[in-house]
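# An overview of the molecular structure
What follows is each chain in one-letter form.
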Amino acid sequence: MNKTIDIKGIGSPGVSLTENLNRKFKGYEEFCKNHCNEEMNYKELQIKMSQELKITESAIRVDIPFLYNNGFLNEYRKDKIGKIKLNNFISNLGKSYLEIIKMQEQYSEKLDDKINNEISKILKYVTILALINRKKNGQEENYFKILRFIYYNNSIDENEFYLMITTNEDELKNNIEEYRKGELNITLENNNTVFEYNKRLLIQAGLIEDVNKRYYLNKENIEIIKELI
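Here goes a summary of the coordinates provided. All figures in this text were calculated on a predicted structure; none of them were measured in a lab. (Residues numbered from 1 in each chain as written. Predicted model: local features only at pLDDT ≥ 70, side-chain atom pairs only at ≥ 80, totals over all residues. Heavy atoms only, no water.)

### Side note on the pairing of strand 5 (residues 208–211)
Sheet topology places strand 5 next to strand 6 (residues 214–217); 4 bridges connect them, and they run antiparallel. Of the residues in strand 6, the one forming a bridge with I208 is L217. Count of turn residues in the strand 5/strand 6 antiparallel hairpin: 2 residues, of which N212 carries a positive phi of about 55 degrees. (Pairing = 2+ DSSP bridges. Helix = DSSP H or I, 4+ residues; strand = E, 2+ residues; numbered from the N terminus.)

### A word on the packing of aromatic side chains
Per the stated rule, a full pass over the model turns up 9 aromatic pairs. Note on F25 and Y97: the rings are 6.4 Å apart at their centroids and 25 degrees apart in plane angle, and the pair reads as stacked. Of this pair, F25 sits in helix 1 (residues 19–34) while Y97 sits in helix 5 (residues 92–107), and the two are 72 residues apart along the sequence. Here F25 and Y97 have matching classes, each one buried. Between Y68 and Y76, the ring centres sit 5.3 Å apart and the planes meet at 80 degrees, which makes this aromatic pair edge-to-face. For the residue pair Y68 and Y76, the accessibility class agrees, reading buried in each case. (Phe/Tyr/Trp six-rings, centres within 6.5 Å; stacked < 30°, edge-to-face > 60°. Buried < 20%, exposed > 50% of the residue type's maximum accessible area, 1.4 Å probe, protein only.)

### Some words on unusual backbone geometry
The backbone of N190 sits at a positive phi, close to 75 degrees, despite the residue not being glycine. Its location among the elements puts N190 in the loop between strand 4 (185–189) and helix 10 (194–204). For N190, a relative accessible area of 40% gives the class partly exposed. If you check the backbone angles, N212 has positive phi at about 55 degrees while not being a glycine. Mapping N212 onto the fold places it in the loop between strand 5 and strand 6. Given a relative accessible area of 75%, N212 falls into the exposed group.

### Re the packing of helix 7 (residues 143–153) against helix 10
Running from N to C, helix 7 and helix 10 point in directions that differ by 70 degrees, and their axes come no closer than 9 Å. With respect to helix 10, the axis of helix 7 lies roughly perpendicular. Residues Y143, I146 and L147 of helix 7 lie in contact with helix 10, whose contacting residues are F195, Y197, N198, K199, L201 and L202. When grouped by side-chain class, the residues that make up the contact of helix 7 with helix 10 number 7 nonpolar, 1 polar and 1 charged. (Axes fitted to C-alpha atoms, helices over the stretch in contact; angles between N-to-C directions. Parallel < 35°, antiparallel > 145°, perpendicular 65-115°, else oblique. Contact = heavy atoms within 4.5 Å. Nonpolar A, V, L, I, M, F, W, Y, C, P; charged D, E, K, R; others polar.)

### Quick look at the pattern of salt bridges
Applying the stated criterion across every chain yields a total of 20 salt bridges. A salt bridge links E160 to R180, with the nearest nitrogen and oxygen atoms 2.8 Å apart. Here E160, found in helix 8 (residues 158–166), pairs with R180, found in helix 9 (residues 169–181); they are 20 residues apart in sequence, far enough to count as distant. A relative accessible area of 0% means that E160 is categorised as buried. We classify R180 as partly exposed; its relative accessible area is 39%. (Salt bridge = Lys/Arg side-chain N within 4 Å of Asp/Glu carboxyl O.)

### So, the environment of N37
In this fold, N37 is placed in the loop between helix 1 and strand 2 (39–40). The exposure class assigned to N37 is exposed, which follows from its relative accessible area of 77%. Placed 160 residues apart in sequence, N37 and Y197 show a C-alpha to C-alpha distance of 35 Å.

### Section: helix 5
Within an α-helix, residues lying three or four positions from one another point in the same direction, as the helix has 3.6 residues per turn. The terminal C-alpha atoms of helix 5 lie 22 Å apart, and with 16 residues this matches the ideal 22 Å at 1.5 Å per residue to within 8%. Residues L93, G94, Y97, L98, I100, I101 and K102 constitute the buried set of helix 5. On its buried face, helix 5 is in contact with helix 1 and helix 6 (113–136). (Expected span 1.5 Å × (residues − 1).)

### Overview of the environment of D112
Following the sequence through the fold, D112 ends up in the loop between helix 5 and helix 6. We classify D112 as partly exposed; its relative accessible area is 45%. Measuring from C-alpha to C-alpha, the distance between D112 and F72 comes to 29 Å, with 40 residues separating the pair along the chain.

As structure tokens, then:
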């Protein structure tokens with residue numbers, strides 16, 4: 001049996017904690033330091049950041065909500081606070097994240113593997129705190145759906161992810177069984193990046209592992225995962 005899933009238009013966070021975002025986040029931090037005595041509304045912030053950092057306003061409009069939802073930034077929306085106080089824009093969690101990635105960049109080649117591994121663990125814990133912040137603020141997106149799916153079904157791949165978010169629960173169970181037996185062939189129609197962004201953050205948090213494009217829970221963090229889901 002064949003099943004075609006149109007994945008066009010499925011909402012995506014549009015960004016994850018890549019080196020490119022880290023570079024921009026450090027730029028946002030520097031901008032805040034340079035304007036620490038100023039207050040701006042969100043639109044003014046976009047314009048000035050774009051001019052000074054040479055980052056497009058559209059990129060900033062993607063980055064800021066993502067960082068905020070992770071708990072790395074404090075409130076920015078005009079209808080909530082009016083103007084942003086730049087000396088308090090980056091949260092304590094965001095500052096911690098920035099310090100860790102800077103430490104990795106500056107000292108990774110100078111420190112032994114044991115210390116570097118410990119720094120990497122701390123970074124994973126900060127990322128887990130970001131996911132907890134998302135859960136508290138109702139910004140779970142599909143991160144927690146993926147964790148729950150793997151917890152109850154042992155693993156997930158890209159086809160199963162899109163099947164999961166487009167199929168009702170009763171039909172999904174049968175479809176997964178048929179797919180894994182080779183009785184159901186899934187075709188993804190059009191392009192979408194939501195799975196790529198969601199699973200990448202979970203890997204960075206040390207919660208899931210990639211085994212030949214099939215993703216499993218990291219057993220070392222199973223108790224944390226149980227608490228999250």
